Each structure stands twice: as C-alpha cells, then as structure tokens.
2 protein chains.
Amino acid sequence: MSELRDFARRTPSWLTRAADQSSIVLSSRVRLARNIRGWTFPHATDADRLCGLRDEVFGAVLRDSPLVSARRLLMEDLEELELGFLRERNMISSDLARFVLGRGLVLAEDESLSLMVNEEDHIRIQALAPGLDPSGCLGRASGLSRALESSLGFAFDQRLGYLTACPTNVGTGMRASALMHLPALVLTGDLQRVLNSLRRLDFTVRGTYGEGSGAMGALFQVSNSATLGQSEDDIVGQLLAHAGKVADCERRAREALITRDRVRLEDRIWRAMGRLTHARLLSTREALDALSDLQLGHALGVLPATEGVDDWDEVNELLLEIQGAHLQISEGRSMEAPERDELRATLIRQRIAGTDEGK
Amino acid sequence: MSELRDFARRTPSWLTRAADQSSIVLSSRVRLARNIRGWTFPHATDADRLCGLRDEVFGAVLRDSPLVSARRLLMEDLEELELGFLRERNMISSDLARFVLGRGLVLAEDESLSLMVNEEDHIRIQALAPGLDPSGCLGRASGLSRALESSLGFAFDQRLGYLTACPTNVGTGMRASALMHLPALVLTGDLQRVLNSLRRLDFTVRGTYGEGSGAMGALFQVSNSATLGQSEDDIVGQLLAHAGKVADCERRAREALITRDRVRLEDRIWRAMGRLTHARLLSTREALDALSDLQLGHALGVLPATEGVDDWDEVNELLLEIQGAHLQISEGRSMEAPERDELRATLIRQRIAGTDEGK
C-alpha cells in the first residue's frame, strides 16, 4: 500500500488552479486509443499474451518516450484499496480496476500523462491539464503516441484511421473532455436544457460522480462522442467552443442567482461553510456538495478573499483527498464507512477553518 | 408599540438559570382561576360590563396587592404586534389576544407575577419561577389571590371550592406546570412512552410550540389536568414528583445517547452550532430546534464551557427574542417573514459567536 502514499500527499498538476476560467473549467483531458498491429484486442486475448503485450509496451515506454521515468504498475500486484485510489484519481478506468490480470499503468509523477495497458484497447494514453486546454493535452498525448508508434507499430487503416476494439473510437481514437463545475446551472434548473443542446451537437455530458442534476459536487465531464471523420484539431476546436459556451451559461446563471435572491444564495453558501467547519461526520456526497457551494461562494465573492488564493487551491485538492480510498491510503489502513465519515469531517475541518470568517 | 419595547430588552425572571435541574426544567408556573361573586362569567357578559369589571379588578390591584406598582394594559389599546409579543412571552392566552374588548393584563416588571382580566374567568393569576419551583409560584399566586379576594369577593362553594367558567377548573382553580426541555427523549423515541404514562396519572403534556415529538425546540409543558377534590399542595406535590421523574427519564436518555453513539450525537450538536453561526436565514422552528441541540450539547459537555455561564443564559434568552413579534417589537416596525428570518439569523449569529469553538 505504501507505494502510492506519496501520490496521496501530492496534488496532481491538472488540479492546480489555471489562470483562465478555472473556477468553471477545472481541467481538460485528452485520451487516445491505440492498438498494436498483429495482436488481438484485449478482450479476445488470454492472460499470458496480455502479460507479454504489457511487457512489450513497458519496454517501449522505457526505450524512448516522455514516460521513460514514470511509475509502472502491474494491476494484479495492487491491493483493492490501491485500485480504488487510482480510480478515484481518474488514473484508471473501472474496467482496469476489475480485470487486473495482465493489465498495467504507466503514470507520470505529476499525473499529467499516463497510459493504461490492456484496457478495452491495448493502449490508452491520457493527458491532463488544468483549466480549458485540450490542445495542450493533445500535444502531450500525441507526443507519447508517436514515440510508441515507432517502436510498437499501431493498427491503422488509411481510410478509417486508428483501429480500436469498439467501433465508436475508430478514427482518431480520441476523446477530449473538460471537467466543469456547474453549480449555478444545477440550482437554477437550467442544466438539463444546456445538456440537451450539447447532446444534439454530438457531445456527451456525464456527472463525474452520479448522473444529471443529482451529480455530486455539481461536477460534469463534457466530451466529444464522435471520433470518425474528424481530425484531432476538429475535436479540440469543438471542445473549446462547446465548453466555452457552457461556461458562459454557467456564468449567466451565477449572475441570475445573485441578482434574483442574493440573501438566499448567501444563506446556502454560508450554511455549506457551517456544515464543513462543524460536522463530525460527512459522507462523500454531502462533502462534495458543500465544497461545491463553497467554490461557488468564492467565485461570486460571497465568501471573503482570505490571505492569498492558496486556501482555495486546498479546497480544490479536497475534492480528491476526501474520497474513500484516498482517506484509507493516507491513513495506511482500511476503514469502515462511519470511520471514514469521521476522518473526512476532521480533515475538512482542519483544511477549511482558515477560510471561515462567517460569524 | 413603544410601551412594550423595554420588556423586549429584558429577560423575564423566570427564564434566568436556576441552580437546580435548570437544564431540563426551565421554569415553573402556577395559574389560579378566580371569579367575582355576583358577576356572570365573561363569555356571557357584554362589553360595557366587561370594562366595568376590569375597572373593579384594576382598582383592587391598586388598592392593596403585590401588583400595586405593576403595568396595567387594556387589550383593546394594543396593536396586533404587541398582542403577539405578550402571547410569545406567555403573558396572555390566545383567547385574550383574540377577544380584546374589556380584557386586561396586569404585569409585574420582572414578569414573575401577572393577572389576566376577563379571559375564560374574570381573573387568571399567573406566577412563574425559574427551575422546578411550583410551591414558590403557588405562594406568590395565592398571596395575590388573597389580597384581591378581600376587596373583590370570589365565587366560592364550600363543597366544590372556587367556581369557574369551565367545570374542569372548579375546585382549586389551579393549574401547575413545568416547562421542560426533553431533547434526548425526542431523539431516542422514548418520549411517547413517557407522555403516555403521565397522562395515565392525570397529567397533560403539550409541546410548547407544536405537538408530540414534532414540538419545536423539544420544549414541553407538563401540567395537572384535575383540579377537583385535591388541595393546592397535592397538586404541587404531584408536579414535583412527576416532573422529577420525567427529568430522570431525560437524564437517562441523555446518558444512553452519549454512550451508544457519541460521535453521531456530537455531529448533530456541532452541526446545529454550524447552522446557527452561519445561516443567513433562519425560521423560528429551525432556530428553536438548533438551539435545543446546543443546550443539549452544553448540558452533556460536548460543547466547551466558555468564559462563565453567561453565554448560556443568553442562549436561553434567545428562545424568546427570536420569535416573530419579539423581533418586530425590538426593531420597532412590522416585517414580512423573509426579513424576519434574516434578522433572526443575524441576531443569533451575533449572540452565539462567543460559544463557538468548533473548528
């Protein structure tokens, strides 16, 4: 369990506050799906061959790639809690946590770049950046893809593009997404309208934890659905445009909230502060929702600016740290839900106290 | 409206913390119903004669009684808000606030002794004391009754005792009650059992605001139902015994709560503190319920003892001050509900801040 503890103590680079729009777009992500020519897709490959393929990929990473000094993890060596931890950090998918044999992860220390081996495809490259920066992500992901392609050789069709296990990924094999904080759209009830119009544009919106307006912490992933017949730059351009429009809607909803009923909004935000600084037991959902209200209050100037913006970066970091596996990894032992709720409340109280000037 | 504003700024003597049991029994009250010989009961008397009778009673009070220097109020002279204010302070009944013509109130400055004229009976004497002290109340109420009897002459039957408009009050005309704070019995769900056993003993229990376990602030009035065939001292003795037993049940329920699940109880209490110190809008119900949790936390030592017990007396005082008419009387103007909720939250925040060391 100790191997991942230093990750738990660090904030991933993509969660640091970006200068631009970061109170609405927390981070961007580009994922590239790649498969190695001459090998069957993972779901049709036995364990021995999966392990062999993983060796090949790890070897290629070590020979020459931006991940040459990154952490390499064999999924079957990890404990349940470590898998949960990587899952909470969005470094692996739920599939990779479930089917571990022959699966692997290569992970840059700052978590800006990673690579899953033998998930749905042989290789899934993931690049992350703070704020709305899909082209930065694409640059890094493509760099890694090129480095590996020269030594591994990817399945590629002149007409179709990159071949993938699932037809929806054929073409660029690329998904670009933005992690957005949309509390005002949730509160005004305008969220559904915005999501529906995105869907008509072939974009998908998912609650990061939970679906629709019930999503915890008002956190949503906005991403492209189509990969075929479009260039990588097309997709980047669309994400920039669509996420930008959603951010505009959120901004207008925030203005409407504060114009329409400022006291009720302030009440909501200060109550969230009261819960976070006083509760002795906090579930993940309640904590994420209250942290969301706090971030909204900070963005709207309802909560006083405290010494420097550092405190607010710490609030962002809590989004990861308060999750179940994170709490257990940093404590170095497994804990039942009530104990986690208590530890979560204690951690939040310590961290938030400095931002509370409510009384 | 100004005539009552100085009352709004003072704490009534019966709400000051008594040395004994006061965290469970807040105050005691004795009420004596009396009627003047030769006059019909108020419900069968026209306005002119009610006013005449009121003059007689006020005259008798002024001639020689413990209320000689007390405030004398004509109900029909009061504004709606002033009637509500006296109602919230338990100085008049809802009937006296509704049917004002010819009705009156004589009220000691410290509110320990008062007299309603032409409520259901011609005279209703009320004595209040902090803590569990029905015999102290009875002493003062009887003193006033004797002083008035000599000059007014009360309707009295050798066999039945004092005659009253409603047969349930015939005899002593006395009701003795204790205002009890029973949050642990509400939380453990044992309240109903305790209330049922009191009812079998001819005692009544009413939520001070609202009924049963839905009573606001977990505040309950425990009082005798029977008045006939018992002496005043019998009733005092019964109230002492029954309220004492209920207090024991509450004490045991508190111990059970803290033994069974201390963290959950602490969570509840600290959350109440968080709401009271952070909310910008508070309804009467939410405020009373949260103040109840705070008092419980203080009694159980969950909340730290702050400098002196003064702060906690102030918490008690809030029980009156946060009510609607009180807020408006002390502001000197009438306010709609949302504005009251805001003022209530502000008042509580200012008052409670000193007791909050939660973070």
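So, how was this worked out
- Residues numbered from 1 in each chain as written.
- Chains lettered and ligands numbered in written order.
- Predicted model: local features only at pLDDT ≥ 70, side-chain atom pairs only at ≥ 80, totals over all residues.
- Heavy atoms only, no water.
- Helix = DSSP H or I, 4+ residues; strand = E, 2+ residues; numbered from the N terminus.
- Rg over C-alpha atoms; globule rule 2.2 N^0.38 Å.
- Buried < 20%, exposed > 50% of the residue type's maximum accessible area, 1.4 Å probe, protein only.
- Least-squares fit on C-alpha atoms with pLDDT ≥ 70 in both.
- Contact = heavy atoms within 4.5 Å.
- Polar contact = N/O pair within 3.5 Å; in protein donor to acceptor, adjacent residues only side chain to side chain.
- Core = buried A, V, L, I, M, F, W, Y, C linked by side-chain atoms within 4.5 Å.
- Domains from an automatic or database assignment.
- Buried area = accessible area lost by both parts, 1.4 Å probe.
- Salt bridge = Lys/Arg side-chain N within 4 Å of Asp/Glu carboxyl O.
- Nonpolar A, V, L, I, M, F, W, Y, C, P; charged D, E, K, R; others polar.
- Expected span 1.5 Å × (residues − 1).
- Axes fitted to C-alpha atoms, helices over the stretch in contact; angles between N-to-C directions.
- Left-handed = near helix turned anticlockwise from the far one by under 90°.
- Pairing = 2+ DSSP bridges.

A word on the overall build of chain A
Check the secondary structure of chain A and you find 13 helices and 10 strands. Relative to its length of 359 residues, chain A is compact, with a C-alpha radius of gyration of 21 Å against a globular reference of 21 Å. Over its C-alpha atoms, taken along the principal directions, chain A stretches across nearly 65 × 45 × 30 Å. Burial status across chain A gives 55% buried among its 359 residues.

Overview of the relation of the copies chain B and chain A
With an RMSD of 0.0 Å, chain B superimposes on chain A once it is rotated by 180° and translated 0.0 Å along the axis. What we have between these two chains is a two-fold relation. Minimal C-alpha separation from the rotation axis in chain B is found for G274 of chain B, amounting to 2.1 Å. Both copies present the same face, since 100% of the interface residues in chain B are matched by interface residues at the equivalent positions in chain A.

Digging into the side chain of S28 of chain B
All names here are of chain B. By the secondary structure assignment, S28 is in strand β1 (residues 25–34). Reaching out from S28, the side chain makes a polar contact with the backbone nitrogen of D133 at a distance of 2.8 Å. Beyond its immediate sequence surroundings of up to four residues, S28 is in contact with A127, L128, A129, G131, L132, D133, P134, C137, S177 and A178.

Examining the nonpolar core
All names here are of chain B. Of all hydrophobic cores here, the largest spans 109 residues; its most connected members are L86, L115, L148 and M180. Of the residues forming this core, the biggest block, 10 residues, is contributed by helix α8 (residues 232–260). Two domains each donate at least three residues to this core, and these are domain 1 (2–255) and domain 2 (262–353). The residues touching M180, leaving out its near neighbours within four places in the chain, are I24, V25, A218, L219, F220, V222, A243, V246 and A247.

Here we look at the interface of chain B and chain A
When the parts of a complex come together, some accessible area is lost, and that lost area is often taken as the interface size. Taken together, the contact between chain B and chain A spans 22 residues of the former and 22 residues of the latter. A buried area of about 2000 Å², summed over both sides, lies between chain B and chain A, and 57% of it is on carbon and sulfur atoms. Linking chain B with chain A are two salt bridges. Across the pair R271 of chain B and E286 of chain A runs a salt bridge, and its minimum N-O distance is 2.7 Å. Counting every contact that joins chain B to chain A gives eight residue pairs in polar contact (both at pLDDT 80 or more). Elements with a minimum of two residues in the side of chain B that touches chain A: α9 (262–278) and α13 (337–352) of chain B. Broken down by element, the side of chain B that touches chain A gets its largest block of residues, 11 residues, from α9 of chain B. Partitioned by chemical class, the residues of the side of chain B that touches chain A number seven nonpolar, four polar and 11 charged.

What about helix α10 (residues 284–299) of chain B?
All names here are of chain B. Counted at 1.5 Å a residue, the expected span for α10 with its 16 residues is 22 Å, and the 22 Å between its end C-alpha atoms agrees. Taken as a whole, α10 has its buried residues at A287, L288, A290, L291, S292, D293, L294, Q295, L296, G297 and H298. One or two positions beyond α10, positive phi appears at G301, with a value near 75°.

Structural notes on the packing of helix α9 (residues 262–278) of chain A against α9 of chain B
In the contact formed by α9 of chain A and α9 of chain B, the axes pass within 8 Å of each other and the chain directions differ by 145°. At the point where α9 of chain A passes α9 of chain B, the crossing takes the right-handed sense. Between α9 of chain A, through W270, R271, M273, G274, R275, T277 and H278 of chain A, and α9 of chain B, the contact on the second element is made entirely by W270, R271, M273, G274, R275, T277 and H278 of chain B.

Structural notes on the pattern of salt bridges
All names here are of chain A. All chains considered together, the criterion is met by 38 salt bridges over all chains. The partner of R71 in a salt bridge is E109, with the nearest N and O atoms 3.1 Å apart. Pair noted here: R71 is in strand β2 (residues 71–74) and E109 is in the loop between β3 (104–107) and β4 (113–117), with a separation of 38 residues, a long-range link. The class of R71 is buried, set by a relative accessible area of 15%. Notably, a salt bridge pairs E266 with R262, separated by 2.8 Å at the nearest N-O pair. Residue E266 and its partner R262 are both found in helix α9; the two are separated by four residues, about one turn of the helix.

Some thoughts on the sheet that holds strand β5 (residues 123–130) of chain A
All names here are of chain A. Overall, antiparallel pairing links the eight strands, which are arranged β2-β3-β4-β5-β1-β8-β10-β9 in an open sheet. If you trace the sheet from one side to the other, it starts and ends with β2 and β9 (203–207), each paired once. Along the sheet, successive strands turn relative to each other by an average axial angle of 20°, direction set aside.

Let's talk about the domain arrangement of chain A
Residue and element names in this part refer to chain A. Taken domain by domain, chain A comprises domain 1 (2–255) and domain 2 (262–353). If you average the C-alpha positions of domain 1 and of domain 2, the two centres end up 26 Å apart. When the two sides are added together, the surface that domain 1 and domain 2 hide from each other amounts to roughly 2400 Å², 66% of it contributed by carbon and sulfur. The interface formed by domain 1 and domain 2 contains zero salt bridges. Where domain 1 touches domain 2, the interface holds eight residue pairs in polar contact (both at pLDDT 80 or more). Going through the elements one at a time, α1 (5–8), α3 (80–88) and α6 (183–188) are the ones with two or more residues in the side of domain 1 that touches domain 2. No other element matches α3, which puts five residues into the side of domain 1 that touches domain 2.

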